[in-house]
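Below, each chain spelled out in residue letters.
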Protein chains: 2
Amino acid sequence: MWRCTPADMPKKRQNASLVLRDRSNGATLFRWLYDEIRTAIVDGRLSPGSRLPSTRSVASQYRVARGTVVAAFDQLAAEGYVESTVGNGTFVRRMLPESLLGARSVGRASLSARGRLLAENPFPYLCANRSVETFRLDRPALDAFPTRLWSRIAARGLRSSAPRLLAHGEILGFRPLREAVAAHVGLTRGVKCTADQVVITTGTQQSLDLITRLVLDPGDRVWVEDPGYAGATWLLRASGAEVIGVPVDAEGIDSDAGRRRCRSAKFAYVTPGCQFPLGMGMSLRRRLALLQWAREEGAWIFEDDYDSQLRFSGRPLAALQSLDTGGCVIYSNTFNKMLFPALRLGFLVVPPTLVDAVAAARSVLDRFPSVPDQATLADFISEGYLDQHMRRMCELYTARFDALVRCAQRRIKDVMELSPVGAGLQIVGWLAKGIDENEACRRAAERGVDSVALSKFAIDRSMPPALVLGVACADIRAIRSGVERLGHTLREL
Amino acid sequence: MWRCTPADMPKKRQNASLVLRDRSNGATLFRWLYDEIRTAIVDGRLSPGSRLPSTRSVASQYRVARGTVVAAFDQLAAEGYVESTVGNGTFVRRMLPESLLGARSVGRASLSARGRLLAENPFPYLCANRSVETFRLDRPALDAFPTRLWSRIAARGLRSSAPRLLAHGEILGFRPLREAVAAHVGLTRGVKCTADQVVITTGTQQSLDLITRLVLDPGDRVWVEDPGYAGATWLLRASGAEVIGVPVDAEGIDSDAGRRRCRSAKFAYVTPGCQFPLGMGMSLRRRLALLQWAREEGAWIFEDDYDSQLRFSGRPLAALQSLDTGGCVIYSNTFNKMLFPALRLGFLVVPPTLVDAVAAARSVLDRFPSVPDQATLADFISEGYLDQHMRRMCELYTARFDALVRCAQRRIKDVMELSPVGAGLQIVGWLAKGIDENEACRRAAERGVDSVALSKFAIDRSMPPALVLGVACADIRAIRSGVERLGHTLREL
C-alpha cells in the first residue's frame, strides 16, 4: 500500500544529483558527507524541494557504511535542512529562504568612525616585511637569553602549582609578580609604589592603550616628544587624540615650548630615562618644569621608562615618577625589551587614585595576561635572575655599542657620524651633507642592513638627515660587516 | 689660602642634619645613600641652600666606604640636586622650586568621558571575591588538564626553536597556530575559512573588544541575547554602545522581536551553538532569519561559539558562520575554556574584508599574544592532543552533568528543577515558587556553593527565579555534597 506524499510535493520528482568533492585529510566520513550535502544546499546546488538519493545508493556510490549516511541525513534533518517522509525519501526543505541561501552577496556592514581611525593608522615598521636583521631597532640580544633556565622555571612552576596556576588570574596581575615588580622598580629606578599600584599588562602598547582609553577622549590634545617613539604617536592618533609634537633638546622635552604650542594638553608621553630615539636623559630642571606644567593643567604624564636600566656611562637617573607629588605620573616599563619581545609582559605603576578605574577597565577588556607566564617571571625576578640578566646585557650591549662607535669612527666617518649617547639600545647616525636618508635606508636594506630614517620619528620638526640603528641584536662580527656595508651604501649615494 | 664662597651664599651655614632611615634588604649602599638623601631633598627635609655633611663624616657615621659616599654625592650633583664648591662643601641647590618639591598636593588629572564609562562598569562577577568553588560558573575541570604534557611540549618548543620563538611575533598570530586553528574549526565546527582569516587573541573579551572598536561607535545600538552573556553586555556598555536585549526562547534569539525593538541595530552578539546561559542551540530557521536581518541592515553578527563543542546529546550544529554568504559573521572561540582560563589564548575568524583592518588595529594596540604559548598550543592541536582532550572532557562533563541532574532530581526536586540542556558547562536550576534568587545565592555561598542568579544575565526581561550553576569544575563527590548543601539552603528560605 502506498502512503500519501505531503500535499505540497509533486508526485514525481527528480532525484537531486549528488556530486561530492573529495574528502579532505582528517575529516571523518560522517563530517565529510554532512558538510558536503549541507554546502550543496546552502550554495543552492541542491534546490529546495529536491529529493536526495537514498541512503543506500549514496552508501554504495561512495563506498561508505550505510549507517554513516543515515547519521548524516539524520543530522541534516535535525538541523532543518532536509525532511524525510517514511517510504518516500528525503527532501531539501522548502522553508529555506532561497534568496538568502542562493545569493552570494557582498556584505554591507562597515567600519565605525573610530574603527576607521584604527584601520587607517597601521604602525608602519611592524607591518612592513622586516626580514633584514643587522641593526634591527626593536630586537634585544635573543641569543643571550637564558632559554633553558626560563623553561626550567616554567616547568617547575606548573609542576608544583597546577591546577592553581591554570585557574582565572587576578585582574591587576599575579600577586607575587606585582610584589616582585614593585621591589625591583623601587630598587633599580627609585619608583615609589606598593604592589597594589602595579598593573601587569602585555607590554607598552597595551599599557598606553589602557591609559589612553581611561584618561583621553577623542579630540583631546597630547604632548609627544618630537622626535619621539612612533609606537606611541601612532596609538594616540589611532585612538582619536590630537598629537602635539614638543621638541626635545639635549636636556629632553622642553615644556616651555610645549606651553607655547598647546598649554592645555591633557597628557604627555615622555621617555625621561632614555629619550627615544636620541638616547639622552631628561635633566632635573626639565623634569621639574614638566611636573609643574602637569600640576597646573591637571594633565597626566605617561613615563615610558623603557631601556633606562641599560646605561653605558654614569648611573641611571631615578624615574620621573619618584619626583611626582601630585599623583599625575603613570610609570610604564616592559619585560619584552629587558627579556624577549615574544614574552608579552609589561607593567604600569599607577597613582593610587587610578587603581580602581584600571581594575574596572581590565575586568571587561582582556582581563589578565597568562598566569603561568606571570608566575615564571615572578620566580625569575625574585630568584635574582633578572638582575643577573640585566647586568650581563649591560656588559654585552656596552661591548656592542663600543664596537659600533669605534668601527664607524674608523671606517665611515666621512659619510656618517654617530651620536655619543649614554643609554638605550639604539643610536643615531647623522648623515653627511647631501645624503638622502630614505634612499639610504632603502639601499642599505638591499645589502641586509636595517635602519629607520630619523624623520620617521619626527612629528612636526624637520630633523637633519640621520639613520636610527639598533645596537642590541648584532654581534661584533655582524656589526663590523654591517658598518662596511653601510659605508658602501652611503658612498654610492 | 681661602677661596671665596659664591656670592649668594652666606659665609656661615649650618650643616644639614642627615638622618637616614635603615637600609632595606637588597639595596646597595650606594643606592640607599643616594635614595635617602634625594628623598630628604624632595620632601623638603634638606632645604635649598643647606650644606650637606662632609663625605668623610657621612662615611664614618654610617660605616660606609668614603668612595661610596662620594659616588652618591656625585650622582646627586649630576642630577642637579646638589652642587659642590671645592674646599667649601656640598649644598642643596637653590634653583629647586620649593613650592613643588615641598608640596604634597593632590592630582587634578581626571578620567575622560569614555574612561568613566569603563571605570563605572566593572564586571561584577570577576571583581567580587570568588573563593567559593563548588558549581563555579567560569571554570573548566582544571584537575583533568594534562599539565605535564603541556609543559613538555612547551619546553621542547623553546629548546628546538629559540631564539626564533623569542622574537617579535606576527600581528595576526603565529602562523602554524592560525593554520591549526583553521583546520580544527573547519572540521569540528564547519567554519569556512583559510588561515589568513584567523586572528589569535587573548580570549573572548579581547576579541569582542577589538571588533567593537572597529565596527561600533559610541551610541550605536547592538542586539544582545536576553538573557545573555554578561561579559559581553558589560564590555559593550563600557565601550559606549547601547545594548538592546533581544529575547531568546527554545530556538534561540528571536530576530522578529529584535526588529520590533530596534531594527537598525549595527551589531548582534549571539551564542548560536550553545546559548549562554540557557544552553540550547539556535534553530536553523532562527539562524537564517538573523542572517537575513543582518544582510538587510548592514549589521555585523558576532558569533561566540564558546562551549559548543561540548555536547551531551546529539551532534553539535555547524557554526552560524558556515551559513554566512554576506561576510557579516565574525566567529569567535576561546581556548581559555577548552583548556584552562589562565592560558589567555582565543581566536577570531573574520570575513576577508576585515583582515586588513584587524591587522592595522593590532599593530598599534597590544600587537600579538605570547609566541612561545602560541607555539605550544599549535603543537598541542596539530599533534591531536586538543581533540583527545575535548573527547575526554566531553565524557567527564557528561558524567558530571548526569550526576548533577540525577542527584538534584532525587534530592532537591521540591525546591529546584534543572533545565534539560544539550550543551555547555552550566545549567539553570529553576527555583520553587516564593524563593528569592539573590537571597538563595548569598546563603548558598555561605555554605560553599557558588551560583549566579539568572536575573544577573537578564537585560530587560524579567525571568522566573533561577540559579545558574557551573557543571565542569566539581567532581562527583563535590556535586553530591553541593546538591545537599543547596537543598538545605533553599529549604530554609
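Residues numbered from 1 in each chain as written. Chains lettered and ligands numbered in written order. Predicted model: local features only at pLDDT ≥ 70, side-chain atom pairs only at ≥ 80, totals over all residues. Heavy atoms only, no water.

Enquirer: Help me understand the overall build of chain A, please; the structure alone is not making it clear to me.
Expert: Looking only at helices and strands, chain A features 18 helices and 14 strands. Over its C-alpha atoms chain A spans a radius of gyration of 31 Å, topping by over 25% the 23 Å that the globule rule assigns to 493 residues. Projected onto its principal axes, the C-alpha coordinates of chain A cover approximately 100 × 55 × 50 Å. Counting only residues that meet the buried cut, chain A has 63% of its 493 residues in that class. Across chain A, every contact between residues at least 6 apart in sequence was considered, and the portion connecting residues at least 24 apart equals 74%. (Helix = DSSP H or I, 4+ residues; strand = E, 2+ residues; numbered from the N terminus. Rg over C-alpha atoms; globule rule 2.2 N^0.38 Å. Buried < 20%, exposed > 50% of the residue type's maximum accessible area, 1.4 Å probe, protein only. Contact = heavy atoms within 4.5 Å.)

Enquirer: What should I look at first to understand the relation of the copies chain A and chain B in this one?
Expert: Here the second copy of the chain follows from the first by a rotation about an axis and a shift along it. Screw-axis analysis of chain A against chain B gives a translation of 0.0 Å along the axis, an RMSD of 0.1 Å, and a rotation angle of 180°. The superposition operator between the copies reduces to a two-fold rotation axis. In terms of proximity to the rotation axis, the leading residue of chain A is Ala-155 of chain A, whose C-alpha is 3.8 Å off the axis. Looking at chain A, 100% of its interface residues are interface residues in chain B too, so the copies touch through the same face. (Least-squares fit on C-alpha atoms with pLDDT ≥ 70 in both.)

Enquirer: What's the story with the interface of chain A and chain B in this structure? I'm lost.
Expert: Where interface size is given, it is often the accessible area lost as the parts come together that is meant. Facing 118 residues of chain A, the contacting portion of chain B comprises 120 residues. Of the roughly 9900 Å² buried between chain A and chain B, counting both surfaces, carbon and sulfur atoms make up 59%. Inspection of the region where chain A meets chain B yields 2 salt bridges. The interface formed by chain A and chain B includes 35 residue pairs in polar contact (both at pLDDT 80 or more). When residues of the side of chain A that touches chain B are assigned to their parent elements, the largest contribution, 8 residues, is made by helix α12 (residues 284-297) of chain A. Across the side of chain A that touches chain B, the residue classes tally to 64 nonpolar, 29 polar and 25 charged. (Buried area = accessible area lost by both parts, 1.4 Å probe. Salt bridge = Lys/Arg side-chain N within 4 Å of Asp/Glu carboxyl O. Polar contact = N/O pair within 3.5 Å; in protein donor to acceptor, adjacent residues only side chain to side chain. Nonpolar A, V, L, I, M, F, W, Y, C, P; charged D, E, K, R; others polar.)

Enquirer: What am I meant to see in the pattern of salt bridges here?
Expert: Close approach of charged atoms allows side chains with opposite charge to pair. Residue and element names in this part refer to chain A. Applying the stated criterion across every chain yields a total of 50 salt bridges over all chains. Among the salt bridges present, the one from Arg-285 reaches Glu-251, with a minimum N-O distance of 2.5 Å. Here Arg-285, found in helix α12, pairs with Glu-251, found in the loop between β5 (242-249) and β6 (252-253); they are 34 residues apart in sequence, far enough to count as distant. By relative accessible area, Arg-285 is classed as partly exposed at 47%.

Enquirer: I tried to follow the side chain of Arg-400 of chain B on my own but got confused; where do I start?
Expert: Residues and elements named next belong to chain B. Position of Arg-400 among the secondary structure elements: in helix α16 (residues 385-411). Classification of Arg-400 by relative accessible area gives buried; the value is 6%. Residues in contact with Arg-400, not counting those within four places in the same chain, are Ala-141, Asp-143, Val-471, Ala-472, Cys-473, Ala-474, Asp-475, Ile-476 and Ile-479.

Enquirer: How do you make sense of the confidence of the model for chain A when you look at a structure like this?
Expert: A low pLDDT means the predicted coordinates there should not be read in detail. Residue and element names in this part refer to chain A. Scored by pLDDT, chain A comes out at a mean of 87, with 90% of its residues at no less than 70. Segment residues 1-13: pLDDT under 50, and 15 contacts once partners within four positions in sequence are set aside and those in other chains are kept. pLDDT under 50 marks residues 97-106. Its contacts with residues more than four places away, or in other chains, come to 26 contacts. Predicted as a complex, the structure gets a pTM of 0.85 and an ipTM equal to 0.85. (pLDDT = per-residue confidence, 0-100.)

Enquirer: Help me understand the environment of Val-42 of chain B, please; the structure alone is not making it clear to me.
Expert: All names here are of chain B. The topology assignment puts Val-42 in helix α1 (residues 29-43). Judged by relative accessible area, which is 4%, Val-42 ranks as buried. Distance from Val-42 to Arg-94, taken between C-alpha atoms, is 13 Å for residues 52 residues apart in sequence.

Enquirer: Would you mind going over the packing of helix α2 (residues 55-62) of chain A against helix α3 (residues 66-78) of chain A with me for this structure?
Expert: Geometry of a packed helix pair, given as the angle between the helix axes and the separation of the axes. Residue and element names in this part refer to chain A. Contact pair α2 / α3: the axes reach a minimum separation of 8 Å and the direction vectors enclose 125°. Here α2 is positioned oblique relative to α3, judged by the angle of their axes. Between α2 and α3 the crossing geometry is right-handed. Contacts from Thr-55, Arg-56, Val-58 and Ala-59 of α2 reach α3 at Arg-66, Val-69, Val-70 and Phe-73. Tallied by class, residues from the contact of α2 with α3 come to 5 nonpolar, 1 polar and 2 charged. (Axes fitted to C-alpha atoms, helices over the stretch in contact; angles between N-to-C directions. Parallel < 35°, antiparallel > 145°, perpendicular 65-115°, else oblique. Left-handed = near helix turned anticlockwise from the far one by under 90°.)

Enquirer: Which parts of the structure should I look at to understand α16 of chain B?
Expert: Side chains of residues three or four places apart in an α-helix project in the same direction, reflecting 3.6 residues per turn. Residue and element names in this part refer to chain B. A rise of 1.5 Å per residue sets the reference length of α16, with its 27 residues, at 39 Å; its end C-alpha atoms lie 38 Å apart and thus fit the reference within 8%. Of all the residues in α16, the buried ones are Leu-386, His-389, Met-390, Met-393, Cys-394, Tyr-397, Arg-400, Phe-401, Ala-403, Leu-404, Cys-407 and Ala-408. Buried residues belonging to α16 abut α8 (175-189), α13 (335-338), α15 (371-382), β11 (416-418), β12 (426-431) and α18 (476-492). (Expected span 1.5 Å × (residues − 1).)

Enquirer: Teacher, can you tell me more about the sheet that holds β6 of chain A here?
Expert: In a beta sheet, neighbouring strands are held together by backbone hydrogen bonds and run either parallel or antiparallel to one another. Residue and element names in this part refer to chain A. Ordered in space as β3-β10-β9-β8-β7-β4-β5-β6, the 8 strands form an open sheet in which the pairing is mixed. Bordering the open sheet on either side are β3 (198-201) and β6, each of which pairs with just one other strand. Strand direction decides the pairing type here: β5 and β6, joined by 2 bridges, are antiparallel. The partner of Val-248 across the bridge, within β6, is Ile-253. Running at roughly 175° to strand β8 (residues 300-304), helix α9 (residues 204-215) makes contact with β3, β7 (267-270), β8, β9 (329-334) and β10 (346-349) of the sheet. (Pairing = 2+ DSSP bridges.)

Enquirer: Got a minute to help me understand the pairing of strand β14 (residues 466-470) of chain A in this structure?
Expert: All names here are of chain A. In terms of burial, β14 is a largely internal element, 5 of the 5 residues being buried. A two-sided burial pattern is seen for β14, the buried positions comprising Ala-466, Val-468 and Gly-470 on one face and Leu-467 and Leu-469 on the other. Where strand β12 (residues 426-431) and β14 come together, 5 bridges link them in antiparallel fashion. The partner of Gln-426 across the bridge, within β14, is Gly-470. Where strand β13 (residues 452-453) and β14 come together, 2 bridges link them in antiparallel fashion.

Enquirer: Hey, could you run me through helix α18 (residues 476-492) of chain A in this one?
Expert: All names here are of chain A. For α18, which comprises 17 residues, the first-to-last C-alpha distance of 25 Å matches the rise-based estimate of 24 Å (1.5 Å per residue) to within 8%. Among the residues of α18, those classed as buried are Ile-479, Gly-482, Val-483, Leu-486, Gly-487, Thr-489 and Leu-490. Summarising the axial view, the buried residues of α18 lie within an arc of 165°, below the 170-degree limit, and thus occupy one face. Close packing links the buried residues of α18 with α16 (385-411), β11 (416-418), β12, α17 (437-446) and β14. (Arc of directions from axis to C-beta.)

Enquirer: Which parts of the structure should I look at to understand the sheet that holds strand β4 (residues 221-226) of chain B?
Expert: All names here are of chain B. Ordered in space as β3-β10-β9-β8-β7-β4-β5-β6, the 8 strands form an open sheet in which the pairing is mixed. If you trace the sheet from one side to the other, it starts and ends with β3 (198-201) and β6 (252-253), each paired once. One ladder, built from 4 bridges, connects strand β8 (residues 300-304) with strand β9 (residues 329-334); its direction is parallel. Each bridged residue has a counterpart across the sheet, and for Glu-303 the counterpart in β9 is Tyr-331.

Enquirer: I tried to follow the pairing of β10 of chain A on my own but got confused; where do I start?
Expert: Residues and elements named next belong to chain A. Every second residue of β10 is oriented toward a common face, with Gly-346 and Leu-348 on one face and Phe-347 and Val-349 on the other, all of them buried. By the bridge criterion, 4 bridges tie β3 to β10 in an arrangement that is antiparallel. Along β10, the bridge assignment pairs Val-198 with Val-349.

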